[in-house]
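# Survey of secondary and tertiary structure
The lines below spell out each chain.
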Amino acid sequence: MTTERADAARNRAMILRATEDLLTYREAMPISVDSIAARAGVGKGTVFRRFGSRSGLFRELLAERATRIGEQISHGPPPLGPGAPPGDRLLAFLDALADLAATNATLLAAHAMACAAGRHDDPTYRRWHEHLRQLVGQLRPDLDAGYVAHVLLGAFDAELVRRTIADGGGDRLRAAVRALARCLLPPGPERSCRPGP
């Protein structure tokens, strides 16, 4: 059994790395399970057994990239982790998402193409949405926090991210999302809808 588990873990890693390689070279053009399996050196059936579908594969690859953010939200230092005011946590979380999106734009595009119909049911999306919903609810109890959380996550639409970073890079994306979020924060001398750090 130990050998089987080791083989399964090795196959998973090879499939994920093969997918990353294909995304890098093909820039979110449709990628088939056949091409992923061939590059990973495994059978097509192995890909389906491990991930269920092409959508499941992209979902797991994105979840792997997002793991660090999830750990920092739960156990990391403030402002992303517990202990900071909700406004600071909100901005720190959006900064982290902007960095993730800017450095994984091709993966986001492939994920969006494969998982468009179930985007809001994606486990990673649901975790992010719930975190934002709670923060927005603390900051602005007068708003529909669930809806606002969806709006904020909409800023990381794959095509929008691609167009934004093409003319200004990750810094532009981060500044624009921060400016949007500041419009939602309670009034104060340090709050402004203008882009800024």
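Residues numbered from 1 in each chain as written. Predicted model: local features only at pLDDT ≥ 70, side-chain atom pairs only at ≥ 80, totals over all residues. Heavy atoms only, no water.

A count of helical and extended segments in the protein chain gives ten helices and zero strands. Looking at the protein chain as a whole, 42% of its 197 residues qualify as buried. Within the protein chain, residue pairs in contact and separated by at least 24 positions form 59% of the contacts whose partners lie at least 6 positions apart. (Helix = DSSP H or I, 4+ residues; strand = E, 2+ residues; numbered from the N terminus. Buried < 20%, exposed > 50% of the residue type's maximum accessible area, 1.4 Å probe, protein only. Contact = heavy atoms within 4.5 Å.)

Take the environment of Asp-171 next. In this fold, Asp-171 is placed in helix H10 (residues 169-182). Between the alpha carbons of Asp-171 and Ala-102 there is a distance of 8.8 Å; along the sequence they are 69 residues apart.

So, on to the confidence of the model for the protein chain. Across the protein chain, the average pLDDT comes to 85, with 89% of residues at 70 or higher. Within the protein chain, helix H6 (residues 105-115) has the poorest average pLDDT of any element, 75, and helix H8 (residues 145-154) the best, 96. (pLDDT = per-residue confidence, 0-100.)

Quick look at the UniProt feature "DNA-binding region" (unreviewed entry) in the protein chain now. The feature "DNA-binding region" (unreviewed entry), as given by UniProt, occupies residues 32-51 in the numbering adopted here. Split by type, residues 32-51 is 80% helix and 0% strand. Its first and last C-alpha atoms lie 14 Å apart. (UniProt positions renumbered as here; feature names shortened; annotations may be inferred.)

Another point: the packing of aromatic side chains. For the coordinates displayed, the defined rule picks out zero aromatic pairs. In this structure, Arg-50 is placed above the aromatic ring of Phe-51, and the distance from its NZ or CZ to the ring centre is 5.1 Å. (Phe/Tyr/Trp six-rings, centres within 6.5 Å; stacked < 30°, edge-to-face > 60°. Lys NZ or Arg CZ within 6 Å of the ring centre and 35° of its normal.)

Let us now look at the packing of helix H2 (residues 33-40) against helix H3 (residues 44-51). Taken N-terminus to C-terminus, the directions of H2 and H3 make an angle of 105 degrees; their axes are 8 Å apart at the nearest point. Relative to H3, H2 is oriented roughly perpendicular. Here Val-33, Asp-34 and Ala-37 of H2 come into contact with H3, specifically with Lys-44, Val-47 and Phe-48. (Axes fitted to C-alpha atoms, helices over the stretch in contact; angles between N-to-C directions. Parallel < 35°, antiparallel > 145°, perpendicular 65-115°, else oblique.)

This brings us to the side chain of Thr-19. Relative to the helices and strands, Thr-19 is located in helix H1 (residues 2-26). From its side chain, Thr-19 meets the backbone oxygen of Ile-15 in a polar contact 2.8 Å long. Setting aside residues up to four positions removed in sequence, Thr-19 forms contacts with Ile-36, Leu-57, Phe-58 and Leu-61. (Polar contact = N/O pair within 3.5 Å; in protein donor to acceptor, adjacent residues only side chain to side chain.)

Now for the pattern of salt bridges. Proximity of charged atoms lets side chains of opposite charge pair with each other. Scanning the entire structure with this criterion turns up 17 salt bridges. Across the salt bridge formed by Arg-10 and Asp-7, the nearest N and O atoms sit 2.7 Å from each other. Placement of the pair is Arg-10 and Asp-7 together in helix H1, with a separation of three residues, close to one helical turn. Taking relative accessible area as the criterion, Asp-7 reaches 28% and is therefore assigned partly exposed. Here Arg-12 makes a salt bridge to Glu-60, at a shortest N to O gap of 2.8 Å. (Salt bridge = Lys/Arg side-chain N within 4 Å of Asp/Glu carboxyl O.)

In this section: the environment of Arg-172. With respect to the helices and strands, the residue Arg-172 is situated in helix H10. For Arg-172, a relative accessible area of 41% corresponds to the partly exposed category. Arg-172 sits 70 residues away from Ala-102 along the chain, and the two C-alpha atoms are 9.8 Å apart. When near neighbours in sequence (up to four residues on either side) are disregarded, Arg-172 contacts Arg-163, Thr-164 and Asp-167.

We now examine the environment of His-111. Here His-111 lies in helix H6. Spatially, the C-alpha atom of His-111 lies 7.7 Å from that of Leu-62, the residues being 49 residues apart in sequence.

With that settled, the discussion passes to unusual backbone geometry. Phi is mostly negative for residues that are not glycine, and the peptide bonds are mostly trans. The amide bond that connects Pro-78 to the next residue, Pro-79, takes the cis arrangement and shows omega of 10 degrees. By secondary structure assignment, the location of Pro-79 is in the loop between helix H4 (54-75) and helix H5 (86-103).

Moving on, we come to H10. End to end, H10 covers 20 Å across 14 residues, agreeing with the expected 20 Å (1.5 Å per residue, within 8%). Looking at the packing, one finds that the buried side of H10 touches H5, H8 and helix H9 (158-166). (Expected span 1.5 Å × (residues − 1).)

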